[in-house]
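Remarks on the overall topology
Each chain is listed here by its residues.
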Amino acid sequence: MADKLGALPAGEEPTPEQAIAARRRRLLDRGDILAFLAKLCAAALAAWLALTLVFGLAVMEGEGMYPRIRDGDLLLFYRLEQSYTTGDVVTFTRDGRRYVGRIVARGGDVVELNDSGELLVNGNVQTEQIFYPTTPQGSEVGYPCRVDDESVFLLCDFRTNAIDSRTYGPVPLGELEGKVVTILRRRGI
């Protein structure tokens, strides 16, 4: 006689009905496992697609965006952004290195840097919450600099110790990887 769990005492043969019931339970267990594995694969595929086509992950290298973004912070950026605005933080890759910067001027704008370390866009001094003066860097970019259509002028927040559009000039919109939507702090881990 089988107990409540369906186990038979040692030496007893199962009845045909008990054997069929035991076989069904094993098949259901396999079916449950296969269904779980299928769901797990579908979730992994969805996550992979989301992180390669819609979103991207990047690790901030250097202190160019200090104090808002620090070295080692994890950046989640949105790849499908179509309309960038002044103030957006974006990421792009050039010469095998990823850069992060803040858009300060768009196509058609004229960027100037005065002797006081102020940023002027279209002749107007920009009031920013930046603690560092904005001085020219390098000799590749001449001022006043007119930003081409379909390009943006990027500056880092740590203006005295950063590589940005003052060094490499305006960046074409087609080179932008995406707009940073969130920052995950990794310091102290």
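Computed from a prediction, not measured in an experiment: that's the story for all the values here.

Observations concerning a positive patch on the surface
The grouping of Arg23, Arg25, Arg26 and Arg30 at the surface amounts to a positive patch. On the basis of relative accessibility, which here comes to 47%, the residue arginine 23 falls in the partly exposed class.

Let's talk about the pairing of strand S5 (residues 110-113)
Two faces, one strand: in a regular strand the side chains alternate between the faces of the sheet. Residues Val111 and Leu113 line the buried face of S5, whereas the alternating positions Val110 and Glu112 sit on a face that is not buried. Of the pairings in the sheet, the one linking S5 to strand S8 (residues 145-146) comprises two bridges and is antiparallel in character. Counted as the bridge partner of valine 111 is cysteine 145 from S8. The loop that links S5 with its antiparallel partner strand S6 (residues 119-121) comprises five residues; one of these, glycine 117, has a positive phi angle of about 80°.

Section: the sheet that holds S6
The four strands lie next to each other as S7-S6-S5-S8, forming an open sheet whose pairing is antiparallel. In this open sheet, the two strands that pair with only one neighbour each are strand S7 (124-125) and S8. The pairing of S5 with S6 spans three bridges and is classified as antiparallel. Across the sheet, glutamate 112 pairs through a bridge with leucine 120, a residue of S6.

Re the packing of aromatic side chains
The final tally for this structure, using the stated rule, is six aromatic pairs. With centroids separated by 5.5 Å and ring planes inclined at 25°, the aromatic side chains of phenylalanine 92 and tyrosine 99 adopt a geometry described as stacked. Each ring, one from phenylalanine 92 and one from tyrosine 168, has its centre 5.5 Å from the other, and the planes form 75°; the classification is edge-to-face. Of this pair, phenylalanine 92 sits in strand S3 (residues 89-94) while tyrosine 168 sits in helix H2 (residues 165-168); the two residues are 76 residues apart in sequence, bridging distant segments of the chain. We classify phenylalanine 92 as buried; its relative accessible area is 0%. Residue classification places tyrosine 168 among the buried residues on the basis of a relative accessible area of 18%. Clustering of aromatic rings is evident, with ring pairs tying together Tyr66, Tyr132 and Phe158.

Comments concerning the sheet that holds strand S11 (residues 176-184)
Spatially, the seven strands line up as an open sheet ordered S1-S2-S11-S3-S4-S9-S10, and their pairing is antiparallel. Each edge of the sheet is formed by a strand with only one pairing partner; in this case those strands are strand S1 (55-59) and strand S10 (171-172).

Quick notes on the pairing of S1
Burial along S1 is one-sided: the face carrying Gly56 and Ala58 is buried and the face carrying Phe55, Leu57 and Val59 is not. Two strands pair when backbone bridges link them, and S1 and strand S2 (residues 74-78) are joined in this way by five bridges, in the antiparallel orientation. Directly across from leucine 57, in S2, lies its bridge partner leucine 76.

Comments concerning the state of the cysteines
If you walk through the whole model with that rule in mind, you get zero disulfides. A disulfide-free cysteine, cysteine 156 has its sulfur positioned 16 Å from the sulfur of cysteine 145, the nearest such atom.

So, how was this worked out
Residues numbered from 1 in each chain as written. Predicted model: local features only at pLDDT ≥ 70, side-chain atom pairs only at ≥ 80, totals over all residues. Heavy atoms only, no water. Patch = residues over 30% accessible without salt bridge, like charges linked within 9 Å, V, L, I, M, F, W, Y side chains within 5 Å. Areas by Shrake-Rupley, 256 points an atom, 1.4 Å probe, with all protein chains shown as cover. Salt bridge = Lys/Arg side-chain N within 4 Å of Asp/Glu carboxyl O. Lys, Arg positive; Asp, Glu negative; His and termini not counted. Charge placed at Lys NZ, Arg CZ, Asp CG, Glu CD. Buried < 20%, exposed > 50% of the residue type's maximum accessible area, 1.4 Å probe, protein only. Helix = DSSP H or I, 4+ residues; strand = E, 2+ residues; numbered from the N terminus. Pairing = 2+ DSSP bridges. Phe/Tyr/Trp six-rings, centres within 6.5 Å; stacked < 30°, edge-to-face > 60°. Disulfide = S-S within 2.5 Å.

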